[in-house]
Structures are given as structure tokens and as C-alpha cells.
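# Descriptive analysis of the structure
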Amino acid sequence: MAAVAAWLPFARAAAIGWVPIAANPMPAPPLQERQKGEDEKLGINVSGRRFETWRNTLEKYPDTLLGSPERDFFYDDETKEYFFDRDPDIFRHILNFYRTGKLHYPKSECISAYDEELAFFGIMPDIIGDCCYEDYKDRKRENAERLMDDQVSEAGDTVQPMTLREKMWRAFEDPHTSTLALVFYYVTGFFIAVSVMANVVETVPCGPKPGKTENLPCGERYALAFFCLDTACVMIFTAEYLLRLFAAPNRCLFMRSVMSIIDVVAILPYYIGLGITDNDDVSGAFVTLRVFRVFRIFKFSRHSQGLRILGYTLKSCASELGFLLFSLTMAIIIFATVMFYAEKNVASTKFTSIPAAFWYTIVTMTTLGYGDMVPDTWAGKIVGGICSLSGVLVIALPVPVIVSNFSRIYHQNQRADKRKAQKQARLARIRIAKNASGAHFINKKKKEQDREDKIKQGIDIEEEPKDSRFESQHHHLLRCLENTTGPDLHARYIKDREFVEMEYTYNGLAAPKAQSSPPTPSPSQSSQGNPVESSCCSRRRGKYQFARSVSDTGQELNDIQIAVPNKTSSKTHLNASEPPKINSTNTTVTTSAIITTPTPGTTSDTEESMMTVSTTTSPGNSNIVRISTL
Amino acid sequence: MQVMRYKPEGIDELVRNTKFTKKELQIMYRGFKQECPTGLVNEDAFKEIYAQFFPQGDSSAYAHYVFNVFDADHNGTISFEEFVIGLSVLSRGSLNEKLMWAFKLYDINGDGYITKEEMLDIVKAIYDMMGKYADPPISENAPGDHVERVFQKMDKNRDGVVTIDEFMETCKNDENITKSMSVFDTIL
């Protein structure tokens, strides 16, 4: 706010435009005391390095050390300057903040040293400019993680008591939280490995059964053993799945997630197999089902970060892979066609049809060259040569693109997540600042009103701390504006317009603060209350309460029905600790409120859209975040 | 993005053209240059500045009109001279000069007449600055009613427009207005 102090005279002057249409005379301007010494230079000595700046520059931010009287503690009378025994290099940036209004973070400095300096000089890190904010947050997060890693090994149980469900879920997601989780993790891992090994070994020929001659695969020789093993594994997997399902915070979401689908596919064949009888028709299908048992290997992806990243890569490079596939298909079709027509007339040729030639083309383009199909004619050989050369190119080209794409997408996602989080924080800051300035003004007015009342009642008042010139002039300006939009004195008794506090409800809509209790009439008003007034006030109160209850649906706001889009946001409810607003009036006008019929008015205020931020976090996003903490 | 640098006239000439002293001009220029290092204010920056002063309403419309009055040569930017000359009129000018300035503000198209539509635009812009959260809430007709009342007062010959003379005459005869005009004096 102080940054625009330079423009205040200008805003005040432009207020002259209000005068001709204002019905009431403007309130008197605040008393202006001449400050002693117009604008003097201050010397600041930081560990030997001398800085100089105007006093006004420092006082732009009165809530910091340098801008407030707190700096007087560091004043050295002998040298007539302020002495700080701190780091001069970092101080340079801090002083630049006062000069330009933007705080920069130098990359060469240590993050904790920088933070300490900021804390010493009373500057909040939130003010760091956008250019350096990302970097600052990154370094801070790294540092915090490093510290946390050290702490985690020392930390005992969590302080907060969690329900059994939450504890289980945490144990499943992060096996390092407790020994039980670790045990569970390793046990399931072991059984996955055992199950996969069993599936593999089942098919190895084991030697003939005693009393028979044919070589049987182990699966049939030791059928019972393998069946028991399979049953045990499936028991474990089923138990694990059910436990995860129970512990999941959002069961529907969990059931739709990839891992749980893999789990289901891994254990289903067994149960289906149990239900199938020894019918020949279905036993073929049963054998096919056994193939799905190999999906158990994918369960390892819970245990391996690398697998997860691979899956994510493939998912994110889907378009590149699609392009690769498409170009390969095109090339295959072209070469197969040419090959077919080239070899068509050769006797007993293997190239019986174009689809048959596909196999040859694929094997040649991928430089496999099995040799089961070879061209005989010289035309075919030429085509075959061209095919293998182009195969190398077609396959080699998209692969680096995919690799670099992966790298780019990966980093981009990380940055996008960061930016989204920062954007929210920034918008929240803007909102708070806006509200603070509005609330500040209302506060001041109330205080002034209280003072005036006390004076009228003859109560002694203590001296008000002097406001800065800027503040008093700004308030005067706002009061003039209120005055202008108040209608004619000679019109009917209508209250002057006033700024009303805005209260932000949880779903991010601004609603005028409802008067929960009947406004305590100030002494200047009580004598003039008439029945019309009270009934009108109560009517209005009713309207406010109605508006309040309806505001949750986000459709109506106050008497003027403004359509505001109903978006949810994660804003915190600004604590309205103010007492119920007293309907203070201008000095001479008295009123009973006359409520005009509400007219619907729609506005597309850029402010509104700025205020409500919709956030959507999909499970996909949360996956990404997890991967980033590799 | 073209970075324009703009250097103002010498300070002595400005002292002659405005009613500010050298010291005051120095202070003002320092603040001006701090906020706008290029030396020029464009309309967006202007609107932002106004938004900071009137956080609860939408001040962009009024800022636009004020910008047009300050921007004497209508080139889309306000230089330091235009700024200081405008400010000199507003804070240290005679009542006539101030009323001229106000008339220029209301006369959006600069044809020398204020029509009802022009005044309605300005008044609506001013009401917008209050924002929607006023008590009592601003009805949709408030600007219109306000304009009606003012026009009744000013348009003496009932021809539907307010000329500069009618404007001056009405304002000079209205004690409230003359008193209020001096409220914003010597604002440095």
C-alpha cells in the first residue's frame, strides 16, 4: 500500500471530479503537520559497508525493522548512522527491496542464511518477487527435506492419534512408517516373487512320473504342490486386496485405480478356475485364464519406483509412441505391398499374400532378420535392402524424441504443479491484502465514530496514536467518495452510502457481513429512531440473513442479486472478529432505511473471477507429486 | 516490447508552467520515476494505481476518464509534464481552472457539451468505485436518478446539454461546490 503513496496526491486531485455531482459538502481534509526535515538521507552501516538512502524509502514499509522506530535501537550517536552487525551482501538485497518494492533472492546465497536475515529485518518471505520465488521455494523445500530426513530417523510414533483405518492406509502407502508395514511389504513382495516363479517353473519339463514314460512338466507332476502354493499366494493377495480396500480413504477411487485392477486381474483366474468343472469346452478357456496369472508381476510396481516411472513415461509419451506406431505401419504396408508384387511370380514363394509379407517387412525393418522368408528376385532383394535401411531410420528417429519428451514432460509437470500451488498462494495473498485494506478502513471509521460518541458523551478519551499522513489522507479520500454517492440532502431520508465489510464465506463468495444482532443504536441515533426505521432495519436484517443462508448455494448475494459463479475454493474463512457493525451515519443526516426493490443485475467483475479459484486435484496429479520425491 | 525512455523538460521550465516550487517538483519527480522507470504512465498502470486506492469497487472506468483528461495530447500515455500540469491545476489552480478541469472530465468526447449520456457514464463510473458492498446497497437506478437531479440543476435552458457556461455558473452559485473544491488544495 505504501508503494503507491507517491500517487496519493494524484488520486486526491482527481477526486475533484466528484465535487460537481456531490450533493453534500465534502468532509474537511485531515490536518497536515509538516514533518520536520523534508526528506533526509539516512546512513546505514552494515559491518563496515556504508549504505545511504532516503528516510522515505525506508518508511515505505512501516512494519519492518528499518521502517519502524525499531531501527532507533541501532542508532549510533557518535557516527550519526545506523549500525547493523549483519551480512552486508545480503543486506544489499534487503535495501533494494525498499527501493524497488521487489525482493529478490540471490542464487549464490545459502537459503537459511537468507531466511535469517529476512527474519532479522522483519520481512516476510512471501514478498519475494515472482522472478525469484520459484527458485526460493525450491531451495527451501530441498533444505526442509534434508532436515526432515535427518529427523525421520529419530522420530518415534506420530503425535496425532489416527484411526485404525488411517494407520493402515499409511502403512500400505509408505512401508517405512512402522516395522509391521515393512514386514507386510516384504512378505507380499516375497509371495509375488514366489508366485511368479511357480508359474514359470510349472512349465519346465521335470522328468517322467514314476511308472510312466512321457516327460511331464513339473506343473503336472507335482500338481498338488503347485496347487497348494498357488492357493497360499492367492490367499495372501486376496487378504492384501481386501485390507487395502478397507483402509482406502476413498473406496470407489481405489477400486478404479490401476494397481487395484491389476490386483483383481491377478487373483481372479484362480477363483474362476475353482468354479470351473472339468469340462473340456471350458478347460481351454481355463488355460487361457492362467495366462493372466502373469499379471502378478505387475504387482511389483508398488515395490519399485522405477516401474512406476516407466509406466508414467509411457502414459505421457503416448502421442509420440502413437506416431512411431503409425509411421511404422505406413512403412510396413508400403514395403509389404511392393515385396509381394515383386515376389509374386516366383514359384513356391513364401510371400503368398500382402499380410504374409507383413511379417517379412517387420522382421527386416527391426533388423531382426530371422531368415524364414527371403526374397529371390533381384527386384525383391533391392526392395529388401531399402526396407532394412529405412527400418533403421524410422525406428531410430522417434526414440530420442520420446526420450527428450519424457524429460521435458517430467520437468514440466513438476513446474506446473509448483506454479499452481504458488498461484493459489499468490491469489490468497492478494485477497487478504485487499480485504485487509477494506477492513482497515472500516476499523478506522468505527474507531473515529467511537471517539466522536465518547466526546459527545463527555467521556475522556486517550490520545489516538498518530496515523501516517498517507493513511489519514487515504481515509479522507474514501470518505469523500462515500459522500459523493450519497444522494441529495433534500431527498427523502435515506442513509448515506457506506462501505460495508466483506465477509468471505467458505465457498469463496464474498457476502456482506450480516448483522446477526440488532445494531446497538449509537447515542446520536437513538433519539431519532422511529417505528418506521426499526421495521425497515429488521426487514433489511431479514434480507441479509436470507441472503446469508442462500449464499451457500452461491446464487444470491444481497439485495442486489448478482449472479456469481459457484466455485469452490480452499480459502480460509477470514475471521470476522469485529463486533456487529454499527450503522454509523454522516454527521447530519438521519434515516430510516428505504429498501428499493431488488433488481437483478449481473456483473462480470474481473475481481470476482480473481477471487474465486477452483482447484481440482485428480488422483493422477497426486501420483505425479509422489514420483517427484524420488 | 519497446522500452521507451522519456525525459521531461528542464525543471526550470516546469516551475514556470506550474505553480509548484522546485523542491516540490523534485520530490514529485522522484516518486514518479520510482513508480514508472520509463517516465511514462500508460492506462493500465493508471488503472492499477486506482485499484489500489479503491480496493472494494471497480475503479477502472473512472480511471479511464481521468486518464483521458490528464493525457492532454491524447497519445495514450501520461508524461511527467502532463502529470504535473494536471496536478498543478487541481491543487493550486483557481476555482475557474478547477471547474474547467471538471468540465473536461465530464465532457468525454470533448465537444464542449455535456450530454446526459456522458454524465451518466461518469456517474456510473463513480458509483462503480464504491463497489457492490455498500450500505445501503446501490440500486440500479441510483446513477440515473443522480444524473437527473444534477441535470435539473445545471441545464438552465433545458436543451438537454450542459455547456461550459451553464456548468460554471451552476457550480459557482452553489456554495457547497465552491467550498468542496478548496478541500483538495495544496496536497503536497
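Computed from a predicted model, the values in this text were never measured in an experiment. (Residues numbered from 1 in each chain as written. Chains lettered and ligands numbered in written order. Predicted model: local features only at pLDDT ≥ 70, side-chain atom pairs only at ≥ 80, totals over all residues. Heavy atoms only, no water.)

Glancing now at the overall build of chain A. A count of helical and extended segments in chain A gives 22 helices and nine strands. With 630 residues in all, chain A has 38% of them scored as buried. The long-range fraction of contacts in chain A, counting pairs at least 24 apart against all pairs at least 6 apart in sequence, stands at 67%. For chain A, the accessible area works out to roughly 35,900 Å², and carbon and sulfur atoms hold 62% of it. (Helix = DSSP H or I, 4+ residues; strand = E, 2+ residues; numbered from the N terminus. Buried < 20%, exposed > 50% of the residue type's maximum accessible area, 1.4 Å probe, protein only. Contact = heavy atoms within 4.5 Å. Areas by Shrake-Rupley, 256 points an atom, 1.4 Å probe, with all protein chains shown as cover.)

Let us look at the overall build of chain B. A tally of regular secondary structure across chain B gives ten helices and five strands. The contacts in chain B between residues at least 6 apart in sequence include a share of 59% that link residues at least 24 apart. Accessible surface, chain B as shown: approximately 8,600 Å² in total, 50% of it carbon and sulfur.

On to the packing of helix 7 (residues 179–202) of chain A against helix 9 (residues 223–247) of chain A, then. Residue and element names in this part refer to chain A. The geometry of helix 7 relative to helix 9 is characterised by a closest axis approach of 10 Å and an angle of 145 degrees between their N-to-C directions. In this structure, helix 7 meets helix 9 at a crossing whose hand is left-handed. In this structure, helix 7 contributes Phe-184, Thr-188, Phe-191, Ile-192, Val-194, Ser-195, Ala-198, Val-201 and Glu-202 to the contact, and helix 9 contributes Phe-226, Leu-229, Cys-233, Ile-236, Phe-237 and Glu-240. Residues of the contact of helix 7 with helix 9, tallied by class, amount to eleven nonpolar, two polar and two charged. (Axes fitted to C-alpha atoms, helices over the stretch in contact; angles between N-to-C directions. Left-handed = near helix turned anticlockwise from the far one by under 90°. Nonpolar A, V, L, I, M, F, W, Y, C, P; charged D, E, K, R; others polar.)

Here we come to the packing of helix 4 (residues 60–70) of chain B against helix 6 (residues 95–106) of chain B. Residue and element names in this part refer to chain B. Their axes nearest at 9 Å, the elements helix 4 and helix 6 cross at an angle of 125 degrees. Relative to helix 6, the element helix 4 is oriented oblique. The two elements helix 4 and helix 6 cross, and the hand of that crossing is right-handed. For the pair helix 4 and helix 6, contact is made by Tyr-62, Tyr-65, Val-66, Val-69 and Phe-70 and by Trp-101, Lys-104 and Leu-105, respectively. In terms of residue class, the contact of helix 4 with helix 6 is built from seven nonpolar, no polar and one charged. (Parallel < 35°, antiparallel > 145°, perpendicular 65-115°, else oblique.)

Let's shift gears to a nonpolar patch on the surface. Residues and elements named next belong to chain A. A cluster of nonpolar side chains, Leu-224, Phe-227, Met-235, Leu-268, Tyr-271, Ile-272 and Leu-274, forms an exposed patch at the surface whose accessible area comes to about 670 Å². The biggest single contributor to the nonpolar patch is helix 11 (residues 258–275), with four residues. Along the chain, Leu-268 falls in helix 11. Taking relative accessible area as the criterion, Leu-268 reaches 41% and is therefore assigned partly exposed. (Patch = residues over 30% accessible without salt bridge, like charges linked within 9 Å, V, L, I, M, F, W, Y side chains within 5 Å. Salt bridge = Lys/Arg side-chain N within 4 Å of Asp/Glu carboxyl O.)

Before going further, it helps to spend a moment on the environment of A:Tyr341. When you line up the elements, A:Tyr341 lands in helix 14 (residues 318–343). Residues A:Tyr341 and A:Phe351, ten residues apart in the sequence, show an inter-C-alpha distance of 9.0 Å.

Moving on, we come to the UniProt feature "transmembrane region" (unreviewed entry) in chain A. All names here are of chain A. According to UniProt, the positions carrying the feature "transmembrane region" (unreviewed entry) are residues 180–201, 221–241, 253–272, 321–342, 354–370 and 382–403. The distance from the first to the last C-alpha atom of residues 253–272 is 25 Å, and the span holds 95% helix and 0% strand. With 71% helix and 0% strand, residues 354–370 has end C-alpha atoms that lie 18 Å from one another. (UniProt positions renumbered as here; feature names shortened; annotations may be inferred.)

The subject of this paragraph is the packing of aromatic side chains. Think of a pair of aromatic rings as described by two things: how far the centres are apart, and how the planes are tilted against each other in angle. Scanning the model with the defined rule gives 38 aromatic pairs over all chains in all. Considering the side-chain rings of B:Tyr106 and B:Phe167, the 6.2 Å spacing of their centres and the 50 degrees angle between planes classify their relative orientation as tilted. Here the residue B:Tyr106 occupies a position in helix 6, and B:Phe167 occupies one in helix 9 (residues 164–173), the gap between them amounting to 61 residues. Judged by its relative accessible area of 0%, B:Tyr106 falls in the buried class. A network of ring pairs unites the aromatic residues A:Phe51, A:Phe74, A:Phe84, A:Phe91, A:Phe120 and A:Phe121 as a single cluster. Taking the ring centre of A:Trp54 as reference, the NZ or CZ of A:Lys41 above it sits at 5.7 Å. (Phe/Tyr/Trp six-rings, centres within 6.5 Å; stacked < 30°, edge-to-face > 60°. Lys NZ or Arg CZ within 6 Å of the ring centre and 35° of its normal.)

Before going further, it helps to spend a moment on helix 15 (residues 354–365) of chain A. All names here are of chain A. Taking 1.5 Å as the rise per residue, helix 15 with twelve residues should run 16 Å; its terminal C-alpha atoms sit 16 Å apart, in good agreement. Buried residues of helix 15: Ala-357, Tyr-360, Thr-361, Val-363, Thr-364 and Met-365, and no others. Buried positions along helix 15 lie against helix 14 and helix 16 (378–396). One or two steps after helix 15, the chain reaches Thr-367, where phi turns positive at roughly 55 degrees. (Expected span 1.5 Å × (residues − 1).)

Turning next to unusual backbone geometry. Generally, phi is negative for residues other than glycine and the peptide bonds are trans, each holding for most cases. One non-glycine residue with positive phi stands out, namely A:Thr367, at about 55 degrees. Within the secondary structure layout, A:Thr367 lies in the loop between helix 15 and helix 16. Residue A:Thr367 is classed as exposed on the basis of its relative accessible area of 51%. Positive phi, close to 55 degrees, is recorded for B:Arg158, a residue that is not glycine. With respect to the helices and strands, B:Arg158 occurs in the loop between helix 8 (142–154) and strand 5 (161–163).

This brings us to the environment of A:Leu397. Residue placement: A:Leu397 occurs in the loop between helix 16 and helix 17 (398–457). For the pair A:Leu397 and A:Leu324, spaced 73 residues apart in sequence, the C-alpha separation works out to 8.7 Å.

This part covers the pattern of salt bridges. All names here are of chain A. Considering all chains together, one arrives at 21 salt bridges over all chains under this definition. For Lys-107, the salt bridge identified is with Asp-135, shortest N-O distance 3.8 Å. With a gap of 28 residues between them, Lys-107 in the loop between helix 3 (88–100) and helix 4 (111–120) and Asp-135 in helix 5 (residues 130–154) connect regions that are remote in the sequence. Via salt bridges that share partners, Glu-240, Arg-244, Asp-263, Lys-299 and Arg-302 belong to a single interconnected network.

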